[in-house]
Amino acid sequence: MAEQRRPRRRGQGELEAQVLAALREAEGPATAGWVQERLGADLAYTTVVTILSRLLDKGAVTREREGRSFAWTPSADEAGLAARKMRKVLDGERDRQAVLASFLTELPPGDERLLRELLRQDEAEKDD
C-alpha cells in the first residue's frame, strides 16, 4: 500500500509572510481569492481570509469593500512592517531607555554608523 503524503503544514508566521508577499506582487488591491490562487491550491480560501483578518488586526493590511467581498492592500512595504514590529516590541517594554541602550550595544559597527547617520539626517530635516 502506497503511503500518502499530506502537504507540509505551514506556521502562522510563514503564512502571514507569504500572504503579504503575494499582496506586494499585486498591481493594486487584491481579493482573498486572488491571494489563494497565487499561493497554491493546497491552501483553503477560509485560511487565506483568516490570515488576512489577522494581518488587518495587526495593522499590516487595509481592506476596502469590493462587491460582496474585500480587496486587500499591504499598509506598508517590508521595511515599514519590520519597523512597526520593532516599535510594538519597544512599546511593550517597561524600561524603554534600557531596551534601546541594549539594542544599540548589540549593533554591529556598520549598523551603528548607519543609525547615527540616519539620526543626523532626521535632525537636519527638522532644523530646516
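Above this text you will find the structure in question.
One structure accompanies this document, and this report is about it.

How each quantity is defined
- Residues numbered from 1 in each chain as written.
- Predicted model: local features only at pLDDT ≥ 70, side-chain atom pairs only at ≥ 80, totals over all residues.
- Heavy atoms only, no water.
- Helix = DSSP H or I, 4+ residues; strand = E, 2+ residues; numbered from the N terminus.
- Buried < 20%, exposed > 50% of the residue type's maximum accessible area, 1.4 Å probe, protein only.
- Contact = heavy atoms within 4.5 Å.
- Phe/Tyr/Trp six-rings, centres within 6.5 Å; stacked < 30°, edge-to-face > 60°.
- Lys NZ or Arg CZ within 6 Å of the ring centre and 35° of its normal.
- Pairing = 2+ DSSP bridges.
- Axes fitted to C-alpha atoms, helices over the stretch in contact; angles between N-to-C directions.
- Patch = residues over 30% accessible without salt bridge, like charges linked within 9 Å, V, L, I, M, F, W, Y side chains within 5 Å.
- Areas by Shrake-Rupley, 256 points an atom, 1.4 Å probe, with all protein chains shown as cover.
- Salt bridge = Lys/Arg side-chain N within 4 Å of Asp/Glu carboxyl O.
- Lys, Arg positive; Asp, Glu negative; His and termini not counted.
- Charge placed at Lys NZ, Arg CZ, Asp CG, Glu CD.
- Core = buried A, V, L, I, M, F, W, Y, C linked by side-chain atoms within 4.5 Å.
- 1 Å grid on protein atoms, 1.4 Å probe; cavity = no way out; pocket = protein on both sides within 12 Å on 5 of 7 lines; lining within 4 Å.
- Points joined across faces, edges and corners; volume = space filled by probe spheres on them.
- Nonpolar A, V, L, I, M, F, W, Y, C, P; charged D, E, K, R; others polar.

Points about the overall build of the chain
On a plain count of helices and strands, the chain comes out with six helices and three strands. A total of 128 residues make up the chain; the buried ones form 19% of that total. Of the contacts formed within the chain by residues at least 6 apart in sequence, a portion of 43% connects residues at least 24 apart.

A closer look at the packing of aromatic side chains
Inspection of the entire model under this criterion finds one aromatic pair. Above the face of the Phe70 ring, Arg63 is positioned so that its terminal group lies 4.0 Å from the ring centre. For Arg65, the ring lying beneath its charged end belongs to Phe70, and the centroid distance is 4.3 Å.

A look at the sheet that holds strand β2 (residues 61-66)
Pairing is antiparallel across the open sheet formed by three strands, whose spatial order is β1-β3-β2. A single partner strand is all that each edge strand has here, and the edge strands are β1 (30-31) and β2. Pairing of β2 with strand β3 (residues 69-74) involves six bridges; the strand directions are antiparallel. Of the residues in β3, the one forming a bridge with Glu66 is Ser69. In the packing of helix α3 (residues 45-57) onto the sheet, contacts are made with β2 and β3, and the angle to β2 comes to roughly 120 degrees.

Side note on a negative patch on the surface
Among the surface-exposed residues, Glu123, Glu125, Asp127 and Asp128 lie close enough to one another that they form a single negatively charged patch. By the element assignment, Asp128 lies in the segment after α6 (109-127).

Quick notes on the nonpolar core
What tends to happen in soluble globular proteins is that the nonpolar side chains get buried as a cluster. Among the nonpolar cores identified, the biggest contains 19 residues, and Val19, Leu23, Val35, Leu52 and Leu55 are the most heavily contacted of them. Elements that contribute at least two residues to this core include exactly α1 (12-25), α2 (32-39) and α3. At five residues, α1 tops the list of elements feeding residues into this core. Once residues lying within four places of it in the same chain are set aside, the contact partners of Leu52 are Val19, Leu23, Ala32, Val61 and Trp72.

Observations concerning the pattern of salt bridges
When the charged atoms of two side chains lie near each other, side chains of opposite charge can form a pair. With the rule as written, the count across this model stands at seven salt bridges. Between Glu112 and Arg116 there is a salt bridge; the shortest N-O distance is 2.8 Å. With Glu112 and Arg116 both in helix α6 and four residues apart, the pair spans about one turn of that helix. The partly exposed category is assigned to Arg116, whose relative accessible area is 48%. Linked through salt bridges whose partners overlap, the residues forming this network are Arg87, Asp91 and Arg96.

Observations regarding the layout of surface pockets
Put simply, the largest pocket is a space of about 550 Å³. Around the largest pocket sit 15 residues that line it, and Met86, Leu90, Leu100, Phe103 and Leu115 are the ones nearest its centre. For the lining of the largest pocket, the elements supplying multiple residues, two or more each, are α4 (78-91), α5 (96-106) and α6. By residue number, the principal contributor to the lining of the largest pocket is α4, which donates six residues. Here the lining of the largest pocket is composed, by residue class, of 12 nonpolar, no polar and three charged. There is about 390 Å³ of room inside the second largest pocket. Lining the second largest pocket are 16 residues; nearest its centre among them are Leu20, Leu55, Ala60, Leu81 and Lys85. Its residues assigned to classes, the lining of the second largest pocket shows seven nonpolar, two polar and seven charged.

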